[in-house]
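Listed here are the chains, written in short residue letters.
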Amino acid sequence: MSGLNWIGLRTLLAKEIGRFMKVAGQTITSPVITAVLYLVVFQQVLADRVEVYPGVDYVAFLIPGLIMMSVIQNAFANSASSLTQSKIMGNVVFILLPPLSALEIFLAFTGAAILRALLVGLVLYLVGWLFTPLPIAAPLHALTAAILAAGCLAVMGIIAGILADKFEHMAAFQNYLIMPLSFLSGVFYSVQDLPPFWAQASAFNPFFYMIDGLRHGFFGYSDAPGWLGLVVVAGFLALLSAIALTMLARGVRLRP
Amino acid sequence: MPAALHIDQVSKSFGSLKALDGVSLEVAQGDFFALLGPNGAGKSTLIGCIAGLLQKDAGHIAVLGHDTVRAYRQARRHLGVVPQELVYDPFFTVEKMLRIQAGYFGCGRDSWPWIDELIEGLELGDKRESTLRALSGGMKRRVLIAQALVHRPPVVILDEPTAGVDVELRRGLWHFTRRLHDEGHTIVLTTHYLEEAESLCRNIAILDRGQVIARESTRDLLARHPYRFLEVKTGSQTLPETLQPLQVGGTQGQWELRLDKTRDDMGAVLDTLNSQAGGIRDVRTRDARLEDVFVEMTSREARR
């Protein structure tokens, strides 16, 4: 099979972007408000008591964590809910009947989810300036970390969307996997402050590297070496992509 | 010239249920073809396998010579499928959805005039800017048909396109389908309205329990049917005993009798009615309809 169906890929990408933009109140504004609420609460309770990194106040430390948490949750939610909804409503046939390859479907869903996640992250970053100055020490590192993390979760969303037959299945992924892993990976604290066992366990948690990677971009230092975070997350993305592409190419649950 | 559809020994099971059992069929280019069968016969499964919505367990399918697995892009570009379920995307307007669907097939802006034609042809003009969610069932059905045609496929499969639509819309849809056929499209349809299949389709295949039990021209299928029907009104309220095995309908002086063309003599039957049933008040004969053939064949299969 030679070449990509570029028009098909572009159309599916635009359609997926159009889908979340049509309900931007739910897909962009709502997650920003949730993150800001966390910020307000933790600022009130902890700002004067905790200094995680020397010279960095707690609110400034917290904001990249909250940005990455939002990136993670929204990238996953976008591809997972789009696919699950299409399957439940039956309109997934509209992308299964045309000459779209597994790779084209994969790229379009992943691309749209990354874009939504970055938009939420960007808005949250801008809102964060209302709370504290947020200069970024290594912008390219921060952007790469955000894109790689969003990519991982977008692809996990595709896998969940393929496997889920109803919204409860998708919610189970979200509530029992994505939420705990994103919460427990250093959004609100540095893993250095954890008991030694849990600090070491974090070394095997890719979500920790996602959050830590963005912090490295913001402050220039982090719990793990900056390059290691990017490599681990890129490796995780490659593994997830191979799984998702295989599932799409074999038609798992989509072409029974 | 490759066949519009070439289906060779296709089988498909769902668990222990064998939905398709070695189905072979060929539909010629330019044909108007009916795929008939009772509920659960395997029609939609076969369409799913042709369209790539289902993976067959065995066999080969080609659309205009393009294998649906090895050359799936070409096969799908040549095929338009109207699914049976009334599915729609709630987020977009009719026009936007059609442009999106054309895009998936690799058609850019150059397909927009054709989309305008489809919108007009299917009388969707005043719904162009409506979201799919806001449309009635009949309108959604028209949009589904338009979506299947956005890429000008030479082979069009309509899976029960008139299920649940009113008489006027049904007529409109058949008129539109006839026009497509006249313009050179190969049409394959499944329907439970057998009189429509009889009047529209040149060739027919009957599927029952996953197997093809008939595949011939509509004319031959009807001619092969051994029965003729006699609707008669008699003076008496009872049917003579010798004619009772022929009765397939009616009661109390109005009877429908089924006569085997090779065995039952029409003149003798009428004589019996005249002499033993109080005389004939009214009489009408008709040849077998597709429905009679269909019921006969599928119930004969069920008896086996």
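Residues numbered from 1 in each chain as written. Chains lettered and ligands numbered in written order. Predicted model: local features only at pLDDT ≥ 70, side-chain atom pairs only at ≥ 80, totals over all residues. Heavy atoms only, no water.

Asker: For the sheet that holds strand E11 (residues 227-234) of chain B, give the residues involved together with the corresponding values.
Answerer: Strand pairing within a sheet occurs via backbone hydrogen bonds; the two strands may be parallel or antiparallel. All names here are of chain B. Strand order across the open sheet formed by four strands is E12-E13-E11-E14, with antiparallel pairing between neighbours. Looking at the sheet topology across the chains shown, the edges are occupied by strand E12 (247-251) and strand E14 (280-287). Direction aside, neighbouring strands of the sheet carry axes that sit 20° apart on average. As paired strands, E11 and E14 are joined by seven bridges and run antiparallel to one another. Looking across to E14, one finds that Leu 230 is bridged to Thr 285. (Pairing = 2+ DSSP bridges. Helix = DSSP H or I, 4+ residues; strand = E, 2+ residues; numbered from the N terminus. Axes fitted to C-alpha atoms, helices over the stretch in contact; angles between N-to-C directions.)

Asker: Would you mind going over the sheet that holds strand E4 (residues 58-63) of chain B in detail, with residue names and values included?
Answerer: Residues and elements named next belong to chain B. Across the sheet, four strands lie side by side as E2-E1-E4-E5; this open sheet has antiparallel pairing. If you trace the sheet from one side to the other, it starts and ends with strand E2 (17-27) and strand E5 (66-67), each paired once. Note: E4 against E5, two bridges, orientation antiparallel. Directly across from Val 63, in E5, lies its bridge partner His 66.

Asker: Go over the packing of helix H3 (residues 94-104) of chain B against helix H5 (residues 137-149) of chain B, please, and point to the residues and values.
Answerer: Residues and elements named next belong to chain B. Where H3 contacts H5, the axes come no closer than 9 Å and their chain directions differ by 30°. Here H3 lies roughly parallel to H5, going by the angle between them. Crossing of H3 over H5 shows right-handed handedness. Contacts between H3 and H5 involve Val 94, Met 97, Leu 98 and Gln 101 from the former and Val 143, Ala 146 and Gln 147 from the latter. Partitioned by chemical class, the residues of the contact of H3 with H5 number five nonpolar, two polar and no charged. (Parallel < 35°, antiparallel > 145°, perpendicular 65-115°, else oblique. Left-handed = near helix turned anticlockwise from the far one by under 90°. Contact = heavy atoms within 4.5 Å. Nonpolar A, V, L, I, M, F, W, Y, C, P; charged D, E, K, R; others polar.)

Asker: Kindly report on the environment of Leu 62 of chain A, identifying the contributing residues and their values.
Answerer: Residue and element names in this part refer to chain A. Relative to the helices and strands, Leu 62 resides in helix H3 (residues 58-89). For Leu 62, a relative accessible area of 0% corresponds to the buried category. Measuring from C-alpha to C-alpha, the distance between Leu 62 and Ile 72 comes to 15 Å, with 10 residues separating the pair along the chain. (Buried < 20%, exposed > 50% of the residue type's maximum accessible area, 1.4 Å probe, protein only.)

Asker: Please set out the nonpolar core residue by residue, giving values where relevant.
Answerer: As a rule of thumb, soluble globular proteins bury nonpolar side chains together. Counting 169 residues, the largest nonpolar core has Leu 153 and Met 210 of chain A together with Leu 36, Leu 46, Ile 50 and Ile 206 of chain B as its most contacted members. When near neighbours in sequence (up to four residues on either side) are disregarded, Ile 50 of chain B contacts Leu 5, Ile 7, Ile 61, Val 63, Thr 68, Leu 79 and Ile 157 of chain B. Within the second largest apolar cluster, 12 residues are counted, among which are Val 232, Leu 243, Leu 259 and Ala 277 of chain B. (Core = buried A, V, L, I, M, F, W, Y, C linked by side-chain atoms within 4.5 Å.)

Asker: Go over the domain arrangement of chain B, please, and point to the residues and values.
Answerer: What the domain assignment reports for chain B is domain 1 (5-222) and domain 2 (226-287). Distance between the C-alpha centres of domain 1 of chain B and domain 2 of chain B: 42 Å. (Domains from an automatic or database assignment.)

Asker: Tell me about empty space enclosed by the protein, and please be specific about residues and values.
Answerer: What the rule picks out here adds up to six cavities of 30 Å³ or more. Roughly 120 Å³ of internal volume is contained in the largest cavity. If you go around the largest cavity, you meet 14 residues; those closest to its centre are Leu 97 of chain A together with Val 81, Gln 101, Phe 105 and Ala 148 of chain B. Of all the secondary structure elements, the ones that give two or more residues to the lining of the largest cavity are strand E6 (79-82) and H5 of chain B. Of the residues belonging to the lining of the largest cavity, the class tally is nine nonpolar, four polar and one charged. The volume enclosed by the second largest cavity comes to roughly 70 Å³. In terms of lining, the second largest cavity is formed by Lys 15, Glu 16, Leu 83, Ser 86, Asn 91, Val 92, Phe 94, Ile 95 and Phe 109 of chain A together with Asp 89, Met 97 and Tyr 104 of chain B. Elements represented by at least two residues in the lining of the second largest cavity include exactly helix H1 (6-22), H3 and helix H4 (93-96) of chain A together with H3 of chain B. (1 Å grid on protein atoms, 1.4 Å probe; cavity = no way out; pocket = protein on both sides within 12 Å on 5 of 7 lines; lining within 4 Å. Points joined across faces, edges and corners; volume = space filled by probe spheres on them.)

Asker: Describe the packing of H1 of chain A against H3 of chain A, with residues and values.
Answerer: The packing of two helices is summarised by the inter-axis angle and the distance between the axes. All names here are of chain A. One can describe the packing of H1 onto H3 by two numbers: an axis separation of 11 Å at closest approach and a directional angle of 100°. Here H1 is positioned roughly perpendicular relative to H3, judged by the angle of their axes. Note on element contacts: H3 touches H1 through Asn 78, Ser 81, Ser 82 and Gln 85, opposite Glu 16, Arg 19 and Phe 20.

Asker: Could you give me a rundown of the interface of chain B and chain A, with the residues and numbers involved?
Answerer: Each partner contributes to the interface: chain B provides 32 residues, whereas chain A provides 32 residues. Where chain B meets chain A, there are two salt bridges. Between Arg 73 of chain B and Glu 104 of chain A there is a salt bridge; the shortest N-O distance is 2.8 Å. Along the contact surface separating chain B from chain A lie 14 residue pairs in polar contact (both at pLDDT 80 or more). For the side of chain B that touches chain A, the secondary-structure elements that each account for two or more residues are helix H2 (72-77), H3 and H5 of chain B. Classifying every residue of the side of chain B that touches chain A by side-chain character gives 18 nonpolar, eight polar and six charged. (Salt bridge = Lys/Arg side-chain N within 4 Å of Asp/Glu carboxyl O. Polar contact = N/O pair within 3.5 Å; in protein donor to acceptor, adjacent residues only side chain to side chain.)

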